[in-house]
Amino acid sequence: MDIGQLHFLVAEGDVAQRRVLVDILQRTGALQITEAPDGDTALRCLGLRYQPAVNIVILDLQVPGIDALEVIRRMGDLQSRAGLIIFGSQTNSVLFSIESMADAFGLDVLGVMTKPLIAGRLEAVIAAHLKPPEMRRERVPTLSFAEVGNGLNNNEFAPHFQPKIELETGRVKGLEMFARWRHPRYGLLGPASFMPALVENHRIDFLDWALIEKSVQACRRLHDDGIPISFSVNVDPSTLAHPQFMEQIDACLERHRIMPDYLTFEMTEKAVLTTTPHFLERLLRLRMKGFGLAIDDYGTGLINLQLLARVPFSELKIDRSFVDGAFRKPAIATVLRSCLGLSRSLERRSVAVGVETKQDWDFLQGLGCTYAQGYYIAKPMPVEEFPDWLSDWRHFF
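Please read all numbers here as calculations on a predicted model, not as lab measurements. (Residues numbered from 1 in each chain as written. Predicted model: local features only at pLDDT ≥ 70, side-chain atom pairs only at ≥ 80, totals over all residues. Heavy atoms only, no water.)

Draft legend 1. Inspection of the sheet that holds strand β1 (residues 7-11) at higher detail. Within the open sheet, the five strands sit side by side as β2-β1-β3-β4-β5. Their pairing is parallel. Both outer strands of the open sheet, β2 (32-36) and β5 (108-114), are each paired with one neighbouring strand and no more. When the angles between neighbouring strand axes are averaged without regard to direction, this sheet yields 15°. Both strand β3 (residues 56-60) and strand β4 (residues 83-88) contribute to a ladder of five bridges, which runs parallel. Each bridged residue has a counterpart across the sheet, and for I56 the counterpart in β4 is G83. The strands that helix α1 (residues 15-27) touches are β1, β2, β3 and β4; relative to β2, the one it contacts most, it runs at about 170°. (Pairing = 2+ DSSP bridges. Helix = DSSP H or I, 4+ residues; strand = E, 2+ residues; numbered from the N terminus. Axes fitted to C-alpha atoms, helices over the stretch in contact; angles between N-to-C directions. Contact = heavy atoms within 4.5 Å.)

Draft legend 2. Inspection of the nonpolar core at higher detail. Among the nonpolar cores identified, the biggest contains 79 residues, and F231, L240, L263, F265, F386 and W389 are the most heavily contacted of them. With near-sequence residues (within four places) excluded, F231 lies in contact with F161, L175, S215, A218, C219, L222, Y262, L263 and T264. (Core = buried A, V, L, I, M, F, W, Y, C linked by side-chain atoms within 4.5 Å. Buried < 20%, exposed > 50% of the residue type's maximum accessible area, 1.4 Å probe, protein only.)

Draft legend 3. Seen up close, the pairing of strand β7 (residues 172-183). The buried count for β7 comes to nine of 12 residues, which makes it a mostly enclosed element. In this structure, strand β6 (residues 157-166) lies alongside β7, joined through nine bridges in antiparallel fashion. If you follow F161 over to β7, its bridge partner there is M177. Here β6 hands over to β7 after five residues, with G170 in that stretch at a positive phi of 80°. Relative to strand β9 (residues 231-234), β7 runs parallel, the two being bridged by two bridges. Each residue of the ladder has a partner; that of E176, found in β9, is S232. Pairing of β7 with strand β8 (residues 187-189), which is carried by three bridges, proceeds in the antiparallel orientation. In the strand pairing of β8, R182 is matched with L188. Between β7 and β8, which follow one another and run antiparallel, lie three residues.

Here's what the structure looks like:
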């Protein structure tokens, strides 16, 4: 989309400051600009019948009249589709909280900036908004339990693997398995298409066992190719708690000649919250056999720290909401530092999930995080693609 097609709303009480903002927009090519000297006017312009509809709102937090927080709330009530750029003289932590509030109201927050507003930053935010979105796969319906069962019976499910990198050295230290369905009609599907049916019918173990077997088989394949790498597999607590789990996993490893210390089982923080003594015993048996245990999505389940210290996990995987963009969000960066400090204090490895940019990578290196994974490094891939990817990666480190 061209900037000349966008309708901007500038909500700023100070006449001189409003004029500066309008000048910046005009220099970048904006043709449709509405000025709002107060919050009341801004809301009238955002009304459902206002034409042409506003595409981007630039909102000063000191706007007179109806205050900026109410403007944001009312935009949420109106289900406004306008992008929102917020600026003010508040501290970074307050600005971040306001951004979080706007996100919670369902608004598209394009940027949050401190005063004085720098023309280059505003132009960069608008330019990023104008970039064409990536082509998105056509939405597919959530498939039924019977369809998922047929897919499993027809061997249509396959593991994809995302590399885990040691931040200090850049070496590839492991692979995490992600479930994918090669559907004959819809193509490659992610968990959103098949997990709801499995959860509703309490049969996640069907998928777990199919992909554990294939993941261990893939591990053997790489070992035979001279790549002795470790694997992480997400499993549901009900799968781990099954009476035959220990016997079945031992038999699986024996079939493919893989030692337990090459396999890590990941479970969500929420799953650990409900840990019983019997389940804790199962986890201890796995650790004593040499398997790794990782707590995934750390930071999302409000786990009791005393319970966290009791669980014999070897890795703490920090949720992507505390990683992506933490370098520019001081409040989130503080939480991230706390998570990493906790991991070090408990003598566990830390894994930052959701590393999307070089800035994320550099920031995590500075904080002393152990491992990182995310799209900046690589997307999940079939095992047969990994050796070529690894060869390319080694050219950098």
